[in-house]
Amino acid sequence: MINKVLWLLLIAVALYSPFTGSAALHLNDLLTADALSQRIFFELRLPRVIFAFLAGMILSLGGLLFQTLFRNPLMTPYTLGISSGAVFGAGIAIILGMGSLAFGIAAITLFGFAGAMLTVLLLIWLSRYVKEAQGTSLLLLGIALSLFYAASLMMLFYLGDAVQNDMLIRFTMGSLSVIGYQMPLLLLIAAALLLGMLWRYRYELQLIAISEDHARLKGVNTKGLTLLLLGVASFSVGVLVSLSGPIGFIGLIVPHIVVKLYPIVLHRRILPTALFGGLFLVVCDTIARTLNTQSELPIGIVTAFIGGPFFIYLIIKRSHR
């Protein structure tokens, strides 16, 4: 019963979301062919809701995948430093004042994506020199890289001028503001790729979740599959962060909520995780747009306020175990 009520509440808020914001819209405005209302709805609000839904899907599926592969409930692209790497890459493009590169794609997007992928390669390389790289050691490596990127970002602030620093600050806070459907389309490709790969290898992931040795006995190439799925997840997260900036804690919160709602085998949690993650971020974005503040609250602040205490709770719970 609680599950159904929660799903209905999330869906209701998601349907309400395109009509709320600095300029309130009503269904009658769209039905009466109000040109301004239609432009706001179809060019600003609806693309934003779609973008938020796909972003939440990517982050939640990425969190589910990382927690499954490494059998650690604290593993996410955010805690492993992948998001920080993307932010640092985008920051370099901002400080260098670069505009568009190949095929008209913004340099911020390309540099952010490169930063995310290079972080993954760096984690894989460093993991060869530590013991138990599948567990706590890899998490500590990710935290160390995040701290390094944070220091490097401070250096970029020092080198930049007022305009560049303002752009950098706004990017690091995260934003789901889009115009038109170009960015949602790019994110749709990344989300579909990640969801498709998780669904394709859902049974292999179930075996890895039990034990890596158990998966090998069943004929799973655990090393090759781990590298493949890490690459796909990092690609999707890199595309997202390069477009929206960092949005923390969604990949940490949603998989744990879905586990509580559906204490079933892993491969049956993939679709609920994707849907719940998308709806959850749409709700967070609706909160950010409806709070009575002077300007729109960055989405990264909203998710951090929710995710920070949740992260502390998980650490305390894990230490008691």
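Everything below is about the structure shown above.
Note that the coordinates shown come from a computational prediction; the quantities given were computed from them, not determined experimentally.

Chemist: Quick rundown of the overall build of the protein chain? Include the residues and the values.
Modeler: Within the protein chain one finds 14 helices and zero strands. Helices (α) and strands (β) of the protein chain occur, in sequence order from the N terminus, as α-α-α-α-α-α-α-α-α-α-α-α-α-α. In terms of C-alpha radius of gyration, the protein chain reaches 20 Å, essentially the compact-globule figure of 20 Å for 321 residues. The proportion of buried residues among the 321 residues of the protein chain is 49%. Long-range pairs, those at least 24 residues apart, make up 75% of the contacts in the protein chain with a sequence separation of at least 6. Counting every atom, the protein chain has about 16000 Å² of accessible surface; 69% of that belongs to carbon and sulfur. Mean positive and mean negative side-chain charge positions of the protein chain (20 and 11 charges, respectively) differ by 14 Å.

Chemist: For helix α6 (residues 136-159), give the residues involved together with the corresponding values.
Modeler: The end-to-end C-alpha separation of α6 is 35 Å, in line with the 34 Å expected for 24 residues at 1.5 Å each. For α6, every residue scored as buried is listed here: Leu138, Leu139, Leu141, Gly142, Leu145, Ser146, Tyr149, Ser152, Leu153, Leu156 and Phe157. Here the buried face of α6 lies against α4 (82-95), α5 (107-127) and α7 (162-173).

Chemist: Tell me what's going on with the packing of α4 against α7, and back it up with residues and numbers.
Modeler: Interhelical geometry of α4 versus α7 gives an angle of 160° and a closest axis separation of 10 Å. Considered as vectors, α4 and α7 are oriented roughly antiparallel to each other. Crossing hand, α4 versus α7: right-handed. Residue-level inspection shows Val87, Ala90, Gly91, Ile94 and Ile95 of α4 in contact with α7, the latter providing Gln164, Met167, Leu168, Phe171 and Thr172. Partitioned by chemical class, the residues of the contact of α4 with α7 number seven nonpolar, three polar and no charged.

What counts, and at which threshold
- Residues numbered from 1 in each chain as written.
- Predicted model: local features only at pLDDT ≥ 70, side-chain atom pairs only at ≥ 80, totals over all residues.
- Heavy atoms only, no water.
- Helix = DSSP H or I, 4+ residues; strand = E, 2+ residues; numbered from the N terminus.
- Rg over C-alpha atoms; globule rule 2.2 N^0.38 Å.
- Buried < 20%, exposed > 50% of the residue type's maximum accessible area, 1.4 Å probe, protein only.
- Contact = heavy atoms within 4.5 Å.
- Areas by Shrake-Rupley, 256 points an atom, 1.4 Å probe, with all protein chains shown as cover.
- Lys, Arg positive; Asp, Glu negative; His and termini not counted.
- Charge placed at Lys NZ, Arg CZ, Asp CG, Glu CD.
- Expected span 1.5 Å × (residues − 1).
- Axes fitted to C-alpha atoms, helices over the stretch in contact; angles between N-to-C directions.
- Parallel < 35°, antiparallel > 145°, perpendicular 65-115°, else oblique.
- Left-handed = near helix turned anticlockwise from the far one by under 90°.
- Nonpolar A, V, L, I, M, F, W, Y, C, P; charged D, E, K, R; others polar.

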